[in-house]
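Here's the letter readout for the chains.
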Amino acid sequence: MKAILFRQYGAPQVLELTEVEKPAPGEDQVLVKVCAASANPLDWHRMRGKPFLVRLTGGVFKPKNRKLGADIAGRVEAVGKNITEFGPGDEVFGSVGAGSFAEYVCAGEARFVRKPANVSFEAAAAAPVAGLTALQGLRDKGEIRAGQKVLINGASGGVGSFAVQIAKSYGTEVTGVSSTGNLEMVRSIGADHVVDYTQEDFTRNGQHYDLIYDAVGNRSVSDYRRALNPMGICVISGFTNLPRMTGHMIPGPLLSAAGKKKIRGQMTKAAKKDLAVLEELLEAGKVVPLIDRSYPLSEAADAIRYLEMGHARGKVVVTVG
Ligand SMILES: NC(=O)c1ccc[n+]([C@@H]2O[C@H](COP(=O)([O-])OP(=O)(O)OC[C@H]3O[C@@H](n4cnc5c(N)ncnc54)[C@H](OP(=O)(O)O)[C@@H]3O)[C@@H](O)[C@H]2O)c1
């Protein structure tokens, strides 16, 4: 079978469409024929080995795991003898960590849920990492509640476009922040208000929010505190650079412990129960993944190159077969 592998850390040129052995499912595994995958910033961080922190788990000098792609949607081809939930022919989607930029993937059944029949493979593949990040950030870290005023920074990107729709599904009043060209798109996915970050600073326009969800991570802790209501919560999922991240990780918790405004970071977990929540939201049409571009597997390097420019409108999908 064909898979995208990377030889070494570097620019997208290190990605190669390679012939590898088709995997066989272990006793507790599901073999899925991939129909679509999607790209996430995690893929280009891993490919480049940047920031250096990713090499602490991924291999300091060369990558331990040369596969890319976490998000997947496809058809079950075979299952191990202990698998009861799925059988051949079932349509599934989920998050496999790494390896979905390939024709086949083997993973445990906890990694997958059923793909709703009314949702395309491309749309389902767009959902796992970005959707789980937005859901867990808003619900678990952000303690989102109906009637709140919520601001989403980076509302037009992969995570942000899910965050706008999920925040609306909770009955909140949503403000989305994006560049000029994406304002209409952010409105079209449900934002009640929009802020053009090229014209206006959301932390200095006199508005205050109960919940700020930052999928960009480019503002200081004092900026967030200024834009929060007295009991407000800010959740930061986006990564801009190491100095900015350090500036969130150290003063954020200290100031949160000392005052009523909370600044929290987020690490997404591939929880099956949350994939099931996404499945319901997708099936009900409450969340409709926004697909900016689709690339065939052989052009996955172009998909990563485009995503890395940092201005995707929704998700970048890789189609397989
Ligand atoms: N913490 C976690 O566990 C976790 C999990 C998943 C992702 N992440 C991180 O979350 C971030 C977002 O991921 P993603 O998939 O959404 O990335 P993405 O799709 O590449 O996001 C790109 C978006 O960022 C927007 N943007 C760029 N500069 C901006 C600015 N100054 N102000 C507001 N928006 C701006 C762009 O909007 P315009 O084109 O309008 O500028 C574009 O729509 C990444 O840093 C990623 O590494 C973290």
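Everything below is about the structure printed above this text.
Residues numbered from 1 in each chain as written. Predicted model: local features only at pLDDT ≥ 70, side-chain atom pairs only at ≥ 80, totals over all residues. Heavy atoms only, no water.

## A few points about the pattern of salt bridges
For step 1, the next point in the chain: Within the structure shown, the criterion is met by 21 salt bridges.
For step 2, the next point in the chain: Here Lys81 ties to Glu27 by a salt bridge, and the two come within 3.8 Å at their closest N and O atoms. Here Lys81 is found in the loop between strand E4 (71-79) and strand E5 (91-95), whereas its partner Glu27 is found in the loop between strand E2 (15-19) and strand E3 (29-39), with 54 residues between them in sequence.
For step 3, the next point in the chain: Among the salt bridges present, the one from Lys115 reaches Glu91, with a minimum N-O distance of 3.3 Å. Of this pair, Lys115 sits in the loop between strand E7 (112-114) and helix H3 (121-126) while Glu91 sits in strand E5, placing them 24 residues apart in sequence. (Salt bridge = Lys/Arg side-chain N within 4 Å of Asp/Glu carboxyl O. Helix = DSSP H or I, 4+ residues; strand = E, 2+ residues; numbered from the N terminus.)

## Some words on the site of the ligand
For step 1, the next point in the chain: In the vicinity of the ligand lie 26 residues, with Ser156, Val159, Ser179, Tyr197 and Gln266 positioned nearest.
For step 2, the next point in the chain: Within the side chain of Asn182, a nitrogen or oxygen atom sits 2.9 Å from an oxygen atom of the ligand.
For step 3, the next point in the chain: Between Ser237 and the ligand, the recorded distance is 3.3 Å, taken from a backbone N or O atom to a nitrogen atom.
For step 4, the next point in the chain: In isolation the ligand has 940 Å² of accessible area, and contact with the protein removes 85% of it.
For step 5, the next point in the chain: Counting residues per element, the ones that place at least two in the shell around the ligand are helix H1 (41-48) and helix H5 (158-169).
For step 6, the next point in the chain: Considering only residue class, the shell around the ligand consists of 9 nonpolar, 17 polar and no charged. (Near = heavy atom within 4 Å. Polar contact = N/O pair within 3.5 Å; in protein donor to acceptor, adjacent residues only side chain to side chain. Areas by Shrake-Rupley, 256 points an atom, 1.4 Å probe, with all protein chains shown as cover. Nonpolar A, V, L, I, M, F, W, Y, C, P; charged D, E, K, R; others polar.)

## A look at the sheet that holds strand E8 (residues 149-153)
For step 1, the next point in the chain: Taken in spatial order, the 6 strands of this open sheet run E10-E9-E8-E11-E12-E13, and their pairing is parallel. Of all strands in the sheet, those with a lone pairing partner are strand E10 (193-196) and strand E13 (262-265), marking the two edges. Each strand axis lies, on average, 15 degrees off the axis of its neighbour in the sheet, ignoring direction.
For step 2, the next point in the chain: Where strand E11 (residues 209-214) meets strand E12 (residues 228-236), 5 bridges bridge the pair, whose relative direction is parallel. (Pairing = 2+ DSSP bridges. Axes fitted to C-alpha atoms, helices over the stretch in contact; angles between N-to-C directions.)

## Considerations on the side chain of Ser95
For step 1, the next point in the chain: Mapped onto the secondary structure, Ser95 falls in strand E5.
For step 2, the next point in the chain: Overall, the relative accessible area of 7% leaves Ser95 in the buried class. (Buried < 20%, exposed > 50% of the residue type's maximum accessible area, 1.4 Å probe, protein only.)

## Details of the layout of surface pockets
For step 1, the next point in the chain: Considering only enclosed or pocket space, the second largest pocket measures out at about 280 Å³ in volume.
For step 2, the next point in the chain: Lining the second largest pocket are 20 residues, with Met1, Pro23, Lys67, Gly99 and Tyr104 positioned closest to its centre.
For step 3, the next point in the chain: Elements represented by at least two residues in the lining of the second largest pocket include exactly strand E1 (2-6) and strand E6 (104-108).
For step 4, the next point in the chain: Ranked by residue count, the leading element in the lining of the second largest pocket is E6, at 4 residues.
For step 5, the next point in the chain: Here the residues of the lining of the second largest pocket are counted per class, giving 15 nonpolar, 1 polar and 4 charged. (1 Å grid on protein atoms, 1.4 Å probe; cavity = no way out; pocket = protein on both sides within 12 Å on 5 of 7 lines; lining within 4 Å. Points joined across faces, edges and corners; volume = space filled by probe spheres on them.)

## Some words on the packing of aromatic side chains
For step 1, the next point in the chain: The full count for this structure, using the stated rule, is 1 aromatic pair.
For step 2, the next point in the chain: Seen from their ring centres, Phe6 and Tyr9 are 6.4 Å apart, and the 50 degrees between their planes marks the pair as tilted.
For step 3, the next point in the chain: By relative accessible area, which is 1% here, Phe6 ends up buried.
For step 4, the next point in the chain: Overall, Tyr9 belongs to the buried group, its relative accessible area being 12%.
For step 5, the next point in the chain: The residue whose ring lies beneath Lys115 is Phe121, and the NZ or CZ to ring-centre distance is 4.6 Å.
For step 6, the next point in the chain: Note that Arg219 overlies the ring of Phe202, its terminal NZ or CZ placed 5.5 Å from the centroid. (Phe/Tyr/Trp six-rings, centres within 6.5 Å; stacked < 30°, edge-to-face > 60°. Lys NZ or Arg CZ within 6 Å of the ring centre and 35° of its normal.)

## Examining unusual backbone geometry
For step 1, the next point in the chain: In this structure, Pro51 follows Lys50 across a cis peptide bond, with omega equal to -5 degrees.
For step 2, the next point in the chain: You can see Pro51 is positioned in the loop between H1 and helix H2 (53-58).
For step 3, the next point in the chain: Here the phi dihedral of Glu143 falls at roughly 50 degrees; this positive angle occurs in a residue that is not glycine.
For step 4, the next point in the chain: Mapping Glu143 onto the fold places it in the loop between helix H4 (128-141) and E8.

## Comments concerning the pairing of strand E15 (residues 315-319)
For step 1, the next point in the chain: Most of E15 sits inside the fold, with 4 of its 5 residues counted as buried.
For step 2, the next point in the chain: Pairing analysis gives 4 bridges linking E3 to E15, with the strands arranged antiparallel. Residue pairing in the sheet places Ala36 in a bridge with Thr319 of E15.
For step 3, the next point in the chain: In the classification by handedness, the crossover that spans strand E14 (residues 291-296), the intervening helix H11 (residues 300-308) and the parallel E15 is right-handed. (Right-handed = clockwise from strand over helix to strand, strands pointing away.)

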